[in-house]
Amino acid sequence: MAPKLNPTFPSLLLLLLLISFHLCTVIAWKKEEFRTCHQTPFCKQARSRKPHSSSLFATGVAILDGALTAKLRHPLPESPDQDQIKPLLFTLSVYQNGVVRVKIDEDPSLDPPKKRFEVPDVILPEFEATKLWLLWFQTETIDGDSEPSSIVYVADGYEAVLRHSPFEVYVREKQSKRRVLSLNSHGLFDFEQLRVKQEGDDWEERFKSHTDTRPHGPQSISFDVSFFDADFVYGIPEHASNFALKPTKGPGVDDSEPYRLFNLDVFEYLHDSPFGIYGSIPFMIGHGKTRGTSGFFWLNAAEMQIDVLGSGWDAESGILLPESGSRIDTLWMSEAGVVDTFFFFGPGPKDVVRQYISVTGTPAMPQLFSTAYHQCRWNYRDEEDVENVDSKFDEYDIPYDVLWLDIEHTDGKRYFTWDRVLFPNPEQMQNKLAAKGRHMVTIVDPHIKRDESFHLHKEATNKGYYVKDASGKDFDGWCWPGSSSYPDMLNPEIRSWWSEKFSLKNYVGSTPSLYIWNDMNEPSVFNGPEVTMPRDALHYGGVEHRELHNAYGYYFHMATSDGLVKRGDGKDRPFVLSRAFFPGSQRYGAVWTGDNIADWDHLRVSVPMILSLGLTGMTFSGADVGGFFGNPDTELLVRWYQLEPWLFGLFMQLEELNMVDAKSVERNTELIKNAIRTRYTLLPYFYTLFREANTSGVPVVRPLWMEFPSDEATFSNDEAFMVGNSLLVQGIYTERAKYASVYLPGGQPWYDLRTGITYKGGMTHKLEVSEETIPAFQRAGTIIPRKDRYRRSSTQMVNDPYTLAIALNSSHAAEGELYIDDGKSFEFTKGAYIHRRFVFSDGKLTSSSLVPNAPGKTLFSSPCIVERIIILGHSSGPKNALIEPSNRKAEIELGPLWLRQGKSNSVLTIRRPNVPVSEDWTIKIL
C-alpha cells in the first residue's frame with residue numbers, strides 16, 4: 001500500500017464511533033524517482049533503430065523434434081577486423097487450439113558466457129502435451145523473394161510462414177493469404193548476445209545514486225509485431241490509461257513514453273499514463289471489425305517497454321507491407337531474457353482469451369465469500385475496534401463478509417505475529433466473526449525484519465534463503481520494518497518452506513477462517529533504485545534480479561496460495577490478494593489496482609484498468625473504493641460504491657463521517673447500503689460467471705466488444721462494460737451529473753435493471769441520472785439468477801431461495817445459467833456441483849442440467865428452491881402457470897421488480913413456484 005497513511009474517508013457507517021486518526025505525511029508521486037526510456041539504455045537504443053535495420057536471414061531450415069527449426073544468421077562482416085556475430089537458434093512449434101510458439105535464443109553449442117534466463121513455472125505442463133508434431137513443411141516464394149519461405153500447417157484455415165530473407169515470421173489465413181500476426185515485418189529485430197567482458201568495457205549503468213554493475217553486459221532484445229486488420233490494441237497491464245491503447249510514437253505523438261512493464265511500488269500513480277505500476281502481463285490483443293481478434297504474448301520477466309506505433313510512423317522507410325486493411329504496428333523491447341513468444345489467432349475475442357489461458361492457466365475458482373463485500377482500512381487499532389466495526393455493520397443492516405488487518409496488527413512489523421497488547425486474543429476475535437459467517441484477512445509481505453530475535457529471520461538466514469546482493473551477501477533493503485531481507489522465491493525449496501509458515505501450528509493465532517493479503521511484493525525496497533531491488537541482486541541458480549524482476553511477486557503469490565491449500569489439507573480453496581502480478585497469477589488468487597487517489601479521474605480510470613486485467617487472465621480484480629490517498633467528498637464516494645459492486649472492488653473503505661447534517665448522513669448511508677445489497681442480490685449470477693472464467697478464462701467484467709465484436713461503436717468505449725453476457729453498466733464519472741449518454745449495442749432491446757423500462761439497442765440514449773443509482777441494463781434474451789433476501793453475510797445466504805429475472809427478446813425467448821457448489825472446497829473439481837440451464841421459449845420455462853452424466857450418486861445437492869420468477873417484456877394477461885412434472889399450478893400476478901428497495905415498477909411475476917433448483921422441471925404460462 002505504498003506509504004501508509006490513514007485515509008480519513010467520509011464514513012457513512014461509523015458515524016457514531018469516535019475514532020482517533022493518525023495522519024501521516026503524504027508524499028506525492030515523484031516522477032524523477034523513476035527512469036524514462038531516454039534514461040534506460042536498452043529502450044533508448046531500440047527506439048532509435050530504423051525500419052529494416054535487421055539483416056538477419058534464416059538458414060538450415062529443418063523439422064527437428066516435431067518443430068520447425070532454423071539458424072538466424074547475420075551477413076559476413078565487411079571488414080576482417082570485425083567479429084562474425086554468432087547465429088541464433090529459431091524454433092517454431094504448433095499447438096492445439098490455435099497457438100503458435102516461436103523461440104529464439106543463443107546457441108548453447110557455441111559456449112555463451114551464461115545461459116539466458118527462461119521463466120519457469122508459468123506455462124502449464126498440460127499445455128506442452130498439446131503440441132502438434134510437425135512432420136514436414138512446404139516452400140513458397142513470397143513477394144518476389146530471392147529464395148522460398150517455409151510454411152507449416154497450424155490449424156484449419158491457418159498456416160505459419162518463416163520468411164528466410166529477410167527474416168520474418170507470421171501467421172496467415174490459408175485461403176486468402178491475408179496475414180493475421182507477424183514478427184519482424186519491419187526489420188527491427190535486435191538481439192544483444194552475451195559476451196565476455198574485455199578490457200576497457202564499461203558496462204555499469206547509473207541512475208541517481210545507484211550503480212548497476214551489469215556483470216554480464218548488455219543483453220537486450222527488441223522486435224516489431226504487427227496486428228493485421230486491427231482497429232485497436234488492448235492489454236499489457238498494468239497502466240492507469242485508456243483501455244484501447246493510444247499510440248506512443250509516430251506523427252503527431254510528441255514526447256511520449258512507451259508502455260512500461262516493470263513492477264514498481266508507485267503510490268498516487270498518475271491516471272492517463274503509460275508508466276508501469278504494480279504488475280506486468282506482456283500480452284496484447286488486437287481487434288477489428290474486418291477479421292476479428294488476435295493476440296501476442298511474450299513470456300519474459302525482465303523490464304519491458306512497448307511502443308504502439310501511430311499511423312505513418314514508417315513513412316520514410318520505403319517498406320511496403322501487403323495491403324490488408326487496417327494494421328497496428330508495435331515495438332517490443334526488453335532488457336534481458338529470450339524470445340519466447342506465442343501467437344494467438346482467434347478469430348473471436350473469447351477464442352483468443354481461451355488460447356492464452358491454455359498456455360498460462362485458468363483463473364482460480366474463488367470461495368463464495370471472497371466475491372462479496374470486503375471492509376478494509378489502514379488500520380484497525382485493536383480487537384475492540386474490530387468488534388465495534390463489525391457491530392456497526394449489523395446495526396445499519398449492511399452485509400459484509402471480510403474484515404482486513406494491515407501491518408499494524410503485528411508485533412513490531414514482524415509478519416505471522418500479533419501485537420499481544422492490542423490483539424491479545426486473535427483466535428477468539430476471528431471465531432466471533434466466523435460465527436456470523438464472516439472472515440478475516442491479514443497482511444503478509446515479502447520483506448522480513450532483520451531482527452536476530454525474530455525466528456523467521458533467524459531461520460531464513462541460517463538456511464541461506466534470502467536473495468543475495470551483487471557481492472553474494474544477504475540483500476539488505478529498507479521497508480516498513482526498517483532493515484529487511486527478502487526470501488528468494490525463485491527457488492522451489494524456499495517456496496515450499498514459505499508455504500509451511502501458514503499452517504495453524506506455525507502461524508500462531510490464526511484460524512481456518514483467516515486468509516492472506518500480499519502487498520509490497522513488486523518487490524518494494526524504499527532505498528533501492530526506483531523503490532525496488534537492484535537489478536544485479538542474485539537469485540537461485542545465479543539468475544540476476546533484472547532477469548526475473550516482474551515475476552518475483554508472482555512466485556511470492558504462488559507460495560502463499562500453496563500455503564493456504566496445505567493448511568486445509570488440500571480441501572480449502574485459498575484466498576490471497578496480491579498487488580504484484582505476472583502471467584499465471586490468475587491461478588493463485590485476486591489482485592487490486594493499488595494505491596489510487598480519491599478523485600473522479602481515478603474512479604474513471606479504474607474501469608479500463610480492470611477491463612485490461614480481465615482481458616489478460618486476471619478475472620478477479622478490483623480497486624480501492626473511494627481511493628486510498630485523499631478524502632473523497634460524499635458524492636464521489638457514493639458514485640464509487642455504486643460502480644464497484646459490478647467491478648468487485650476489494651478494498652471498500654468506510655471511515656468517519658465528515659458531514660454536518662443528519663439527513664445527509666442518513667441519505668448517503670442508505671445509498672451505499674443499497675449499492676452493497678445489489679452486489680449480494682446478484683451473487684448467484686456473479687458466482688456463475690466466476691465458474692465460467694474458471695473453465696474458459698472469459699472474464700467476468702468484459703469490454704462491450706467481447707459480446708458485440710462487430711460493433712465499431714464499442715471498440716473504444718471504456719466508460720461502460722459488460723458483466724457477463726447479460727448486464728451492461730455505465731459509470732458516472734463527473735460531479736453533479738444530470739444526464740448520461742449510454743450506448744446500448746446490438747439489435748435487441750435492453751431493460752433498465754432498476755425500473756424494467758425498455759430501451760432500444762444499437763443506439764445512444766441520453767438518460768437522466770439520479771443520486772440513487774448508476775445506469776445498468778439487462779440484455780434482452782437473458783435470464784439472471786438472484787437472491788433477494790438480505791443477510792449479514794453471503795455464508796448465511798447459502799440456503800436462501802432464488803429469484804429468476806427473465807428479460808425476453810423480440811422472439812419472446814431468453815436463456816441463462818446458474819452454477820452452485822459448496823462455495824469453499826475443491827470438491828467441484830470432482831463433479832460436486834449443480835449447473836443449470838434455463839430456457840424460456842414458446843411461453844415455457846425449462847430447467848435442465850449441464851453437469852456431464854455421471855452414473856451413480858449425485859455428488860452435490862442443494863435444498864434451495866426458486867421462489868419468484870420475474871418476466872420482463874411479457875404481456876400482463878396470464879393468471880396461472882402449470883408446473884411439470886409435479887402437475888401443479890402457480891399464480892401469476894404483477895409484483896415488484898426489486899423487493900425492499902423503495903419504489904419499484906410492477907412486472908409479471910410467477911409467485912412461489914417453489915421448484916427445486918437442482919432438478920429438471922418446466923413451467924408453462926397458461
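Residues numbered from 1 in each chain as written. Predicted model: local features only at pLDDT ≥ 70, side-chain atom pairs only at ≥ 80, totals over all residues. Heavy atoms only, no water.

A. Molecular detail of the overall build of the chain. Along the chain, the regular secondary structure elements total 14 helices and 49 strands. Against the globule reference of 29 Å for 926 residues, the chain gives a C-alpha radius of gyration of 28 Å, in line with a compact fold. For the chain, the spread of C-alpha atoms along the principal axes amounts to about 95 × 70 × 60 Å. Of all 926 residues assigned to the chain, the portion counted as buried reaches 63%. Put simply, 72% of the contacts in the chain that link residues at least 6 apart link residues at least 24 apart. Carbon and sulfur atoms form 49% of the exposed surface of the chain, whose accessible area is close to 33,700 Å². Side chains of the chain give 97 positive and 120 negative charges; the mean places of these two sets differ by 5 Å. (Helix = DSSP H or I, 4+ residues; strand = E, 2+ residues; numbered from the N terminus. Rg over C-alpha atoms; globule rule 2.2 N^0.38 Å. Buried < 20%, exposed > 50% of the residue type's maximum accessible area, 1.4 Å probe, protein only. Contact = heavy atoms within 4.5 Å. Areas by Shrake-Rupley, 256 points an atom, 1.4 Å probe, with all protein chains shown as cover. Lys, Arg positive; Asp, Glu negative; His and termini not counted. Charge placed at Lys NZ, Arg CZ, Asp CG, Glu CD.)

B. Just the sheet that holds strand S37 (residues 758-759), in detail. Ordered in space as S32-S33-S34-S39-S36-S37, the six strands form an open sheet in which the pairing is antiparallel. Strands at the two margins of the open sheet, each flanked by one partner only, are strand S32 (701-702) and S37. On the sheet, helix H13 (residues 683-696) packs against S32, strand S33 (720-723) and strand S34 (727-730) and is oriented at approximately 85° with respect to S33. (Pairing = 2+ DSSP bridges. Axes fitted to C-alpha atoms, helices over the stretch in contact; angles between N-to-C directions.)

C. Representation of the nonpolar core. Ranked by internal contacts, the top residues of the largest apolar core, which has 200 residues, are Trp 498, Trp 646, Phe 721, Val 723 and Leu 845. At eight residues, the largest contribution of residues to this core is made by helix H11 (residues 634-647). Residues contacting Val 723, with those up to four places away along its chain left out, are Trp 646, Tyr 685, Phe 686, Leu 689, Val 700 and Val 729. Counting residues in hydrophobic clusters, the runner-up holds 49 residues, among them Val 154, Tyr 158, Val 169 and Val 180. (Core = buried A, V, L, I, M, F, W, Y, C linked by side-chain atoms within 4.5 Å.)

D. Region of the structure containing helix H1 (residues 41-48). Turning to H1, its buried residues are Phe 42, Cys 43, Ala 46 and Arg 47. Taken down its axis, H1 places every buried residue within 125° of arc, on the same side. Elements in contact with the buried residues of H1: strand S14 (221-228), strand S19 (304-309) and strand S20 (327-334). (Arc of directions from axis to C-beta.)

E. Seen up close, the side chain of Glu 547. Tracing the backbone through its elements, the reader meets Glu 547 in helix H8 (residues 545-548). Here the side chain of Glu 547 touches Lys 114 through a polar contact of 3.1 Å, side chain to side chain. For Glu 547, the side chain forms a polar contact with the main-chain nitrogen of Phe 117, separated by 3.4 Å. (Polar contact = N/O pair within 3.5 Å; in protein donor to acceptor, adjacent residues only side chain to side chain.)

F. View of helix H3 (residues 349-360). With twelve residues, H3 extends 17 Å from end C-alpha to end C-alpha; this agrees with the ideal 16 Å at 1.5 Å per step. Those residues of H3 that sit buried are Pro 349, Val 352, Val 353, Gln 355, Tyr 356, Ile 357, Val 359 and Thr 360. Count one or two residues on from H3 and you reach Gly 361, which has phi positive near 105°. (Expected span 1.5 Å × (residues − 1).)

G. Quick peek at unusual backbone geometry. Note the cis peptide between Gly 346 and Pro 347, where omega equals 15°. Mapped onto the fold, Pro 347 is located in the loop between strand S21 (339-344) and H3. With an omega of 5°, the peptide bond between Trp 378 and Asn 379 qualifies as cis. For Asn 379, the position within the fold is in the loop between strand S22 (374-375) and helix H4 (383-395). If you check the backbone angles, Asp 65 has positive phi at about 55° while not being a glycine.

H. Representation of the confidence of the model for the chain within the structure. Averaged over all residues, the pLDDT of the chain is 92; the fraction at 70 or higher stands at 93%. This stretch, residues 2-27, has a pLDDT under 50; its non-local contacts, to residues over four places away or in other chains, come to 98 contacts. Within the model, the stretch residues 654-660 combines pLDDT values under 50 with 37 contacts to residues more than four positions away or in other chains. (pLDDT = per-residue confidence, 0-100.)

I. Spatial organisation of the pattern of salt bridges. Scanning the model with the defined rule gives 83 salt bridges in all. The partner of Glu 500 in a salt bridge is Lys 566, with the nearest N and O atoms 3.4 Å apart. One end of the pair, Glu 500, is in helix H7 (residues 492-500); the other, Lys 566, is in helix H9 (residues 552-567), with 66 residues separating them in the sequence. What makes Glu 500 partly exposed here is its relative accessible area of 37%. Residue class for Lys 566 comes out partly exposed when judged on its relative accessible area of 37%. We note a salt bridge from Arg 702 to Glu 707, for which the minimum N-O separation is 2.7 Å. For Arg 702, a relative accessible area of 0% puts it in the buried group. Among the charged side chains, a salt-bridge network with shared partners connects Arg 35, Glu 205, Asp 212, Arg 214, Arg 260, Glu 303, Glu 335, Glu 530, Arg 535, Glu 544 and Arg 546. (Salt bridge = Lys/Arg side-chain N within 4 Å of Asp/Glu carboxyl O.)

J. Region of the structure containing the sheet that holds strand S27 (residues 482-485). Within the open sheet, the three strands sit side by side as S25-S27-S26. Their pairing is antiparallel. A single partner strand is all that each edge strand has here, and the edge strands are strand S25 (448-449) and strand S26 (477-479). With three bridges connecting them, S26 and S27 associate as antiparallel partners. Bridge pairing in S27 links Cys 479 to Gly 482.

K. Examining the packing of H7 against H9 more closely. At their nearest, the axes of H7 and H9 sit 8 Å apart, and the two run at 45° to each other. Classified by the angle their axes make, H7 and H9 are oblique. When the axes of H7 and H9 are compared, the crossing they make is right-handed. Note on element contacts: H9 touches H7 through Tyr 555, Phe 556, Met 558, Ala 559, Thr 560, Asp 562, Gly 563 and Lys 566, opposite Arg 495, Ser 496, Trp 498, Ser 499 and Glu 500. In terms of residue class, the contact of H7 with H9 is built from five nonpolar, four polar and four charged. (Parallel < 35°, antiparallel > 145°, perpendicular 65-115°, else oblique. Left-handed = near helix turned anticlockwise from the far one by under 90°. Nonpolar A, V, L, I, M, F, W, Y, C, P; charged D, E, K, R; others polar.)

L. Focus on the side chain of Glu 530. By the secondary structure assignment, Glu 530 is in the loop between strand S28 (514-518) and H8. Judged by relative accessible area, which is 5%, Glu 530 ranks as buried. Of the polar contacts made by the side chain of Glu 530, one reaches the backbone nitrogen of Arg 35; its length is 2.7 Å. Apart from the residues within four sequence positions on either side, Glu 530 is in contact with Glu 33, Phe 34, Arg 35, Phe 207, Arg 260, Phe 262, Leu 264 and Arg 535.

M. Broad picture of the state of the cysteines. In this structure the tally under the stated criterion is one disulfide. The disulfide partner of Cys 37 is Cys 43, and the S-S distance across this bridge is 2.0 Å. Its S-S torsion of approximately -100° makes the covalent link between Cys 37 and Cys 43 left-handed. With a relative accessible area of 4%, Cys 37 lands in the buried category. Owing to a relative accessible area of 0%, Cys 43 belongs among the buried residues under this scheme. (Disulfide = S-S within 2.5 Å.)

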